[in-house]
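Overview (structure and organization)
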Amino acid sequence: SFFLLYVGLEVGFAGWVPTYGEELSFSDAGVAWLTATFWIGFTSGRLLASAIAHRYRPKVVLEASCALTIVAALVLVIGDGRTAPVWGGTALIGVAVAPQFPVMLSYLERRIHVTGYATSWFIGAAGLGGLVFPWLMGRWIDGWSEAARPWSILGLGVATVASFALTNRRLGG
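Residues numbered from 1 in each chain as written. Predicted model: local features only at pLDDT ≥ 70, side-chain atom pairs only at ≥ 80, totals over all residues. Heavy atoms only, no water.

Attention shifts here to the side chain of Gln-100. For Gln-100, the position within the fold is in helix α5 (residues 100-111). The class of Gln-100 is buried, set by a relative accessible area of 1%. Reaching out from Gln-100, the side chain makes a polar contact with the side chain of Thr-69 at a distance of 3.0 Å. Separated by 3.4 Å, the side chain of Gln-100 and the backbone oxygen of Ala-96 make a polar contact. (Helix = DSSP H or I, 4+ residues; strand = E, 2+ residues; numbered from the N terminus. Buried < 20%, exposed > 50% of the residue type's maximum accessible area, 1.4 Å probe, protein only. Polar contact = N/O pair within 3.5 Å; in protein donor to acceptor, adjacent residues only side chain to side chain.)

What follows is the structure, given as structure tokens:
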């Protein structure tokens, strides 16, 4: 369930961030830069994770990454569409979510024998999350308002943390 939720969070945010910028009346250039800010943060987060992967256990990196995702989502929720929190929260979401997928694979490899069959389930769940959650976010936002977007990110972030905590507990971490 971790991969399902994580990819739903990542793809949901990345896919909807341009619309979020438009709804907040950003210019076309502002929307493009807001989207780029997420991807720059994401790339930076992957590079940072790669650099620290040799110093910290995967569990520690995942815990920090998940916690930072919640903080970033709270910045967006509390910021309530104000410019500085939108930019800061967007960059922070990118940095925070970036390490989660590869580090979770590393974490699992240390805990269980990861076969090709198991990996296919992880990838299948990830694909399903990338398909379902952005669509659900769109439905929820259409039914409520643009203010629902940060709340949906927060909800998926909390669900991802809970999924990791359950996995960690099940694997004796």
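We now examine the side chain of Thr-160. The topology assignment puts Thr-160 in helix α7 (residues 148-170). For Thr-160, a relative accessible area of 1% translates into the label buried. Not counting chain neighbours up to four residues away, the residues in contact with Thr-160 comprise Phe-2, Leu-5, Tyr-6, Leu-9 and Gln-100. (Contact = heavy atoms within 4.5 Å.)

Ranked by internal contacts, the top residues of the largest apolar core, which has 42 residues, are Phe-3, Ile-93 and Met-104. Breaking this core down by element, the ones donating at least two residues are α1 (2-23), α2 (28-52), α3 (58-79), α4 (83-97), α5, α6 (116-143) and α7. Top contributing element to this core by residue count: α1, with ten residues. Sequence-distant contacts of Ile-93, defined by excluding residues within four places in its chain, comprise Phe-13, Phe-38, Thr-69, Ala-72, Ala-73, Leu-76 and Ile-153. (Core = buried A, V, L, I, M, F, W, Y, C linked by side-chain atoms within 4.5 Å.)

The next subject is α7. When the terminal C-alpha atoms of α7 are compared, their 33 Å separation across 23 residues agrees well with the 33 Å that a helix rising 1.5 Å per residue should span. Just beyond α7, the residue with positive phi is Gly-172, at close to 75°. (Expected span 1.5 Å × (residues − 1).)

Mean pLDDT over the chain: 93, with 100% of residues reaching 70 or higher. Mean pLDDT values over the elements of the chain span from 90, in α6, up to 97, in α4. (pLDDT = per-residue confidence, 0-100.)

It is worth spelling out α4 at this point. End to end, α4 covers 21 Å across 15 residues, agreeing with the expected 21 Å (1.5 Å per residue, within 8%). Here α4 has its buried residues at Pro-85, Val-86, Gly-89, Thr-90, Ile-93, Gly-94, Ala-96 and Val-97. Its buried side turned inward, α4 meets α1, α2, α3, α5 and α7.

As a further point, take the pattern of salt bridges. Enumeration over the complete set of coordinates arrives at one salt bridge. The residue Glu-63 makes a salt bridge to Lys-59 at a minimum N-O spacing of 3.9 Å. Of this pair, Glu-63 and Lys-59 both sit in helix α3, separated by four residues, roughly a single helical turn. Relative accessible area serves as the criterion here: at 38%, Glu-63 is assigned to the partly exposed category. (Salt bridge = Lys/Arg side-chain N within 4 Å of Asp/Glu carboxyl O.)

This paragraph deals with the packing of α1 against α5. Their axes nearest at 10 Å, the elements α1 and α5 cross at an angle of 165°. With respect to each other, α1 and α5 are oriented roughly antiparallel. By crossing handedness, the relation of α1 to α5 is classed as right-handed. Contacts between α1 and α5 involve Phe-2, Phe-3, Tyr-6 and Val-7 from the first element and Gln-100, Phe-101, Met-104, Leu-105 and Leu-108 from the second. Its residues placed into classes, the contact of α1 with α5 shows eight nonpolar, one polar and no charged. (Axes fitted to C-alpha atoms, helices over the stretch in contact; angles between N-to-C directions. Parallel < 35°, antiparallel > 145°, perpendicular 65-115°, else oblique. Left-handed = near helix turned anticlockwise from the far one by under 90°. Nonpolar A, V, L, I, M, F, W, Y, C, P; charged D, E, K, R; others polar.)

A few words now on the packing of aromatic side chains. One pass over the structure, following the stated rule, counts 13 aromatic pairs. Geometrically, the ring pair formed by Phe-2 and Tyr-6 is stacked, given 6.3 Å between the ring centres and 5° between the ring planes. Separated by four residues within a single helix, Phe-2 and Tyr-6 lie in helix α1, roughly one turn from each other. (Phe/Tyr/Trp six-rings, centres within 6.5 Å; stacked < 30°, edge-to-face > 60°.)

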